[in-house]
Amino acid sequence: MKVNSSKLFILTASVAALTSGLQSCNSSSAGSASTNDAASKVYVAPGKHDEFYNIVSGGFNGQMSVYGIPSGRMFRIIPVFSQHPENGYGFSEESKPMLNTSHGFVPWDDLHHIALSTTNGEHDGRWAFGNANNTPRIGRVSLSTFRTEEIIEIPNSAGNHSSPFITENTEYVVAGTRFSIPLDNSNTDVPINTYKDNFKGTISFIAVDQATGHMSIDFQLLLPGVNFDLARAGKGPSKDWFFFSCYNSEKANTLLEVNASAKDKDFIMAVNWKKAQEYARAGKGKKVPVKYAHNVLDEKTHTATSTMINEVLTLDPKDCPDMVYMMPCPKSPHGTDVDPTGEYIVGSGKLAATIPVFSFAKIQQAIASKNFDGSYDGIPVLKYDAVLHGEVQKPGLGPLHTEFDGKGNAYTSFFVSSEIVKWDIKSLKVLDRVPTYYSVGHLSIPGGPTKKPWGKYVIAYNKITKDRYLPTGPELTQSAQLYDISGEKMKLLLDFPTVGEPHYAESIPASLIMNNSKKIYKIEENQHPYAAKGDNQTKVERKGNEVHVSMTAVRSHLTPDNIEGVKLGDVVYFHVTNVEQDWDVPHGFAIKGANNSEILIMPGETQTLKWQPDRIGVFPFYCTDFCSALHQEMQGYIRISPAGSNVALTY
Ligand code: K7E
Ligand code: RUQ
Ligand code: CUA
């Protein structure tokens, strides 16, 4: 659909009007940027594979989703912080502990950012990390099973937005708090207007075990009460450093829209994490009491266990010199991004008229010569001019995020002027701009945040859809757009709808993942305590008022399929083992009246549905996944008798 420039102007102008301080709007690049050969460039013929996996945040649906690029076809939803009826995640007994927190069972969250694991700064295809913004957590998804394997809660945090961002060799995943809060172990019942005295910001450094991927909070930095927004680790020369954008350096606790935009500059905080690690090892930290959950999926039983941890090591910059510095950055920075060489750090002030680019070499010189501009809460502030490589002038309105193509170019998303702008990192000259439909948030170039971008495409994740698709009532699908960046000019190729509200996404060559993608779980490795690895191992056992059914599922029967002797007041656990050993033959299991979804069992594994019958009668159960010509025959009955009846247990 062609959208004329006046329409785009009205849309972006009304968005601009919502943002104080911005009156004018630039509509220069409106119109359709699509090319004639676009269709052939995104066409992946039936039976052919896409070139890239695109792992996309689901935003407020709490999941990650997997797409193919360039086709834009969606392959899978991976539930992380949300229950997912399709595969029983968060409903099965095995997966429920994954969603446990210090607040109890929290089966929803807001997943903003994806971080794919790297080795030596390049994608390695092992894991995808994602953050929970609302009840602070980090999840780790295996890129072999495409399942959530681990979730760790973050203490002393609220609004875990500045995460997960990773160091060059995935040594650490960081989690920075967006909302400053009174620390968990302090008096937390304080008047909100004592913000300036009582509220702290924290950044957690979560160590990742390279063999297993297991996460543990190594240490936490106690920082001024600003709002941490986004971050990037350095790479190459800057690999020991981390850069965090901070807004609300005014420390406002009300009407942030106005009060947190009072100052001309906020900060990008530079942290020498290697040094912080040394301080932590040297005993400079303090262990403080907290309470947070750590949930891990066991490989052999496919069962998650949740452990509560009650202390965390904190480091205070006052006790740790030369660890943290502030760099002034024009107005309310959102994204902070590091180029593939590791020398340039790009700040994106949402309300700024320029894009500042900092030089890592200059930062080092300024630190060595103590070229400071005072301090902020005791943290040295580096002089803006001393650390600046330069500013991109008049790039657009409302810069948010920047990705790189590995050829010396940067691509920045502009929410307010609704466009992607390509510019040269060294000369800071704007080279090209294309409109997005409409109001892009994050953007993604395959390998864009790594040392070795694959380039070729940029994908825009747009916040506003308007007229792009067939209308579906008051709410419209979210939208992504694919642009060809192989030439000098960017070319729009495709719109495709997305699930939830994508924030960040990463794309990785299919070749780095597809050969490792798990096909089956070996039945002989199944150590689930209730596994029945063949029909001869099926059984029904009573333990007090618990009835445990060890059932098998195979094309095309469930065993046992007639169960009697269960009474009202009993709790029934259906432990269903899929004894198939073929790729892509799941069986499902559901029972009438169960209020907790179904389960889906992959070949070789056991999953458990807990069911508390609420009345007497005969209840059918069946396989929910169409698995063979006789799928409809995969069914059975369980009889529930009155409490105290003497019907014998038979099956
Ligand atoms: Cu990464 Cu969307 Cu949470 Cu920018 S945020 S857009
Ligand atoms: S039957 S393969 Cu469930 Cu009507 Cu459809
Ligand atoms: Cu098994 Cu349908």
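This is a predicted model, so every value here is computed, not measured. (Residues numbered from 1 in each chain as written. Chains lettered and ligands numbered in written order. Predicted model: local features only at pLDDT ≥ 70, side-chain atom pairs only at ≥ 80, totals over all residues.)

K.L.:
Hey, could you run me through the overall build of the protein chain in this one?
P.N.:
Counting its secondary structure elements, the protein chain contains 7 helices and 44 strands. Taken against the 2.2 N^0.38 rule, which gives 26 Å for 651 residues, the C-alpha radius of gyration of the protein chain at 27 Å falls within 12% of a compact globule. Expressed along its principal axes, the backbone C-alpha trace of the protein chain runs to roughly 85 × 65 × 40 Å. For the protein chain, with 651 residues in total, the buried portion stands at 53%. (Helix = DSSP H or I, 4+ residues; strand = E, 2+ residues; numbered from the N terminus. Rg over C-alpha atoms; globule rule 2.2 N^0.38 Å. Buried ≥ 20, exposed ≤ 12 C-beta atoms within 10 Å, placed from the backbone.)

K.L.:
I tried to follow the sheet that holds strand 2 (residues 63–69) on my own but got confused; where do I start?
P.N.:
With antiparallel pairing, 4 strands are arranged side by side in an open sheet as 3-2-1-34. Edge strands, defined here as strands with exactly one partner in the open sheet, are strand 3 (74–79) and strand 34 (505–509). Adjacent strand axes in the sheet meet at a mean angle of 20° when their direction is disregarded. Across 5 bridges, the pairing between strand 2 and strand 3 is antiparallel. Along strand 3, the bridge assignment pairs Val 66 with Arg 76. (Pairing = 2+ DSSP bridges. Axes fitted to C-alpha atoms, helices over the stretch in contact; angles between N-to-C directions.)

K.L.:
Just to check I follow, could you spell out the domain arrangement of the protein chain for this structure?
P.N.:
In many analyses, interface size is given as the accessible surface area lost on bringing the parts together. If you check the domain split of the protein chain, you get domain 1 (10–516) and domain 2 (523–641). For domain 1 and domain 2, the distance between their C-alpha centres works out to 42 Å. Tallying the contact residues gives 11 residues for domain 1 and 15 residues for domain 2. In the side of domain 1 that touches domain 2, the residues fall into 2 nonpolar, 6 polar and 3 charged. (Domains from an automatic or database assignment. Contact = placed C-beta atoms within 7 Å. Nonpolar A, V, L, I, M, F, W, Y, C, P; charged D, E, K, R; others polar.)

K.L.:
Explain the confidence of the model for the protein chain here, please?
P.N.:
Reading predicted coordinates in detail is not appropriate for stretches of low pLDDT. The pLDDT averaged across the protein chain works out to 94; a share of 95% of its residues lies at or above 70. The ipTM assigned to the predicted complex is 0.81, against a pTM of 0.94. (pLDDT = per-residue confidence, 0-100.)

K.L.:
Got a minute to help me understand the site of ligand 1 in this structure?
P.N.:
Every residue near ligand 1 is listed here: His 112, His 113, His 161, Leu 230, His 334, Leu 400, His 401, Gly 441, His 442, His 503 and Tyr 504. Taken together, the residues of the shell around ligand 1 break down into 3 nonpolar, 8 polar and no charged. (Near = placed C-beta within 6 Å.)

K.L.:
Would you take a moment to explain the pairing of strand 7 (residues 122–132) for this structure?
P.N.:
Along any regular strand the residues' side chains alternate between the sheet's two faces. By the criterion of burial, strand 7 is predominantly enclosed, with 9 of the 11 residues buried. Bridging between strand 6 (residues 114–119) and strand 7 involves 5 bridges; their strand directions are antiparallel. Looking at the pairing, Leu 116 lines up with Ala 128 of strand 7. If you look at the hairpin formed by strand 6 and strand 7, you'll find 2 residues sitting between the two strands, and Asn 120 has a positive phi there, around 50°.

K.L.:
Would you mind showing me how to read the pairing of strand 15 (residues 241–247) here?
P.N.:
Along strand 15, 7 of the 7 residues are buried, which leaves the element largely enclosed by surrounding structure. In this sheet, strand 15 lies alongside strand 14 (residues 227–233) in antiparallel orientation, the contact comprising 5 bridges. Each residue of the ladder has a partner; that of Arg 232, found in strand 15, is Phe 243. The sheet contact formed by strand 15 and strand 16 (residues 265–272) spans 6 bridges and is antiparallel. In the strand pairing of strand 16, Trp 241 is matched with Asn 272.

K.L.:
Would you mind showing me how to read the environment of Pro 613 here?
P.N.:
For Pro 613, the location among the structural elements is in the loop between strand 42 (606–611) and strand 43 (617–622). Residues Pro 613 and Val 571, 42 residues apart in the sequence, show an inter-C-alpha distance of 7.2 Å. With residues up to four places along the chain from it excluded, the contact list for Pro 613 reads Leu 568, Val 572, Phe 619 and Ile 640.

K.L.:
Quick question: what am I supposed to make of the nonpolar core here?
P.N.:
What tends to happen in soluble globular proteins is that the nonpolar side chains get buried as a cluster. Judged by nonpolar contacts, the single largest core of 124 residues is most densely connected at Val 271 and Val 458. Ranked by residue count, the leading element in this core is strand 15, at 6 residues. In contact with Val 271, not counting residues within four places along its chain, are Leu 221, Trp 241, Phe 242, Phe 244, Ala 276, Met 323 and Val 324. In this structure, Tyr 530, Ala 532, Val 549 and Met 634 belong to the second largest nonpolar core, which totals 35 residues. (Core = buried A, V, L, I, M, F, W, Y, C linked by C-beta atoms within 7 Å.)

K.L.:
Even after reading the chapter, I still don't get the sheet that holds strand 22 (residues 354–359), so can you show me in this structure?
P.N.:
The pairing of strands in a sheet comes from backbone hydrogen bonds and takes either a parallel or an antiparallel form. The antiparallel open sheet is built from 4 strands, whose spatial order is 20-21-22-25. Of all the strands in the sheet, just strand 20 (333–338) and strand 25 (388–393) have a single pairing partner and so form its edges. Neighbour-to-neighbour, the strand axes of this sheet turn through a mean angle of 20°, independent of strand direction. Summarising the sheet, strand 22 and strand 25 pair through 5 bridges and their orientation is antiparallel. If you follow Phe 358 over to strand 25, its bridge partner there is Leu 388. Against the sheet, helix 6 (residues 360–368) engages strand 21 (344–349), strand 22 and strand 25, with an angle of about 65° to strand 22.

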